[in-house]
Amino acid sequence: METLTFHVEDFEGPLDLLLHLVGKNKMNLYDINIMELIEQYTAAIATMQQDHMELSSEFIDMAAHLVQMKSALLLPRSPEAERMKAELTGRLIEYSVCKKVAAALGSRARDLYTAVRAPMPLEGSAEYSRPQDPDKLVQAWFNLMGRSLRRRKPQQERFEPLVTAPFVSVASRVAHVLRGLLRGSLHRMGQLFSREESRSTNVATFLALLELIRAGRIKVDDSGSLQMDRTRRPRQRKQTAGEATAHE
């Protein structure tokens, strides 16, 4: 293996160093020899550390990641190793494309002539000297303080009504509606809802009403009157093979 010397200042990051190694070894970016690439990268990092070079944490973090990948690649049929290999290859391809685009844009920028005038001095005083009504300034201050109060973290007491509210099931409200229709005490939809009831009760009642209408158990006309469909028959149980044989 050819001995390579590196200076960490020559590379913008660990991906830049890995891409340099891919080009140095004339590897196909879409079919990288991962094991050889890992060995060269870790050897380069170890050499830099032996020479007492200051390495940024991202280079060391990538070295640790590659060592972990090498350990996974040594295992037979490791899905984790294949996932890590595909992820590293994708990052290198993406970085290579971005680097080419940046180089192309940089070459275009060098051919452009940019003219910038010197900053103009400020005219007049920079102090705010317009007259204002003191009452409006006080009101603006109170409005500002009100906004800061609204941005405060909500206190636990505000959630107590939500947490301690009783749970009302839709099934219980279905039974309540059917019981009222059978007894004759319920005639109109407006009787089901009341401001004195909790929000949970009214929501559960509304869902129960929708379920009964969907199932065809009750009907609601345009005036809000409720009618129970007494002609609806329960579903007949399918005849089993044993019962059919007994009939015969």
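Scroll up for the structure.
This one's a predicted model, so the numbers in the text were calculated from it and none came from an experiment.

Here we look at the packing of helix H1 (residues 14–24) against helix H2 (residues 34–50)
Helix packing geometry: the angle between the two helix axes and the distance between the axes.
Alright, step 1. At a minimum axis distance of 10 Å, the contact between H1 and H2 shows a crossing angle of 125°. As summarised for this structure, H1 and H2 are arranged oblique, according to the angle between their axes. Considering only the axes of H1 and H2, their crossing is right-handed. Note on element contacts: H2 touches H1 through Leu37, Gln40, Tyr41 and Ile45, opposite Pro14, Leu17, Leu18, Leu21 and Val22.

Structural notes on the packing of H1 against helix H4 (residues 79–110)
Alright, step 1. As a packed pair, H1 and H4 sit with axes 10 Å apart at the nearest point and diverge in direction by 90°. One element, H1, and the other, H4, form an angle in the roughly perpendicular class. Here Leu15, Asp16, Leu18 and Leu19 of H1 lie close against H4, whose contacting residues are Leu88, Arg91, Leu92, Tyr95, Ser96 and Lys99.
Alright, step 2. Of the residues assigned to the contact of H1 with H4, the class counts are six nonpolar, one polar and three charged.

What about a nonpolar patch on the surface?
Alright, step 1. There is a patch of nonpolar side chains on the surface, built from Val170, Phe193, Val203, Phe206, Leu207 and Leu210 and spanning about 480 Å² of accessible area.
Alright, step 2. Ranked by residues supplied to the nonpolar patch, first place goes to helix H8 (residues 199–215) with four residues.
Alright, step 3. Mapping Leu207 onto the fold places it in helix H8.
Alright, step 4. The class of Leu207 is partly exposed, set by a relative accessible area of 42%.

Quick look at helix H7 (residues 170–183)
An α-helical turn contains 3.6 residues, so any two residues separated by three or four positions project in the same direction.
Alright, step 1. Compared with the 20 Å implied by 1.5 Å per residue over 14 residues, the 20 Å span of H7 between its first and last C-alpha is a close match.
Alright, step 2. Here the buried face of H7 lies against H8, strand S1 (218–220) and strand S2 (226–228).
Alright, step 3. Gly184 sits one or two residues past H7 and shows a positive phi near 85°.

Scoring rules and cut-offs
- Residues numbered from 1 in each chain as written.
- Predicted model: local features only at pLDDT ≥ 70, side-chain atom pairs only at ≥ 80, totals over all residues.
- Heavy atoms only, no water.
- Axes fitted to C-alpha atoms, helices over the stretch in contact; angles between N-to-C directions.
- Helix = DSSP H or I, 4+ residues; strand = E, 2+ residues; numbered from the N terminus.
- Parallel < 35°, antiparallel > 145°, perpendicular 65-115°, else oblique.
- Left-handed = near helix turned anticlockwise from the far one by under 90°.
- Contact = heavy atoms within 4.5 Å.
- Nonpolar A, V, L, I, M, F, W, Y, C, P; charged D, E, K, R; others polar.
- Patch = residues over 30% accessible without salt bridge, like charges linked within 9 Å, V, L, I, M, F, W, Y side chains within 5 Å.
- Areas by Shrake-Rupley, 256 points an atom, 1.4 Å probe, with all protein chains shown as cover.
- Salt bridge = Lys/Arg side-chain N within 4 Å of Asp/Glu carboxyl O.
- Buried < 20%, exposed > 50% of the residue type's maximum accessible area, 1.4 Å probe, protein only.
- Expected span 1.5 Å × (residues − 1).

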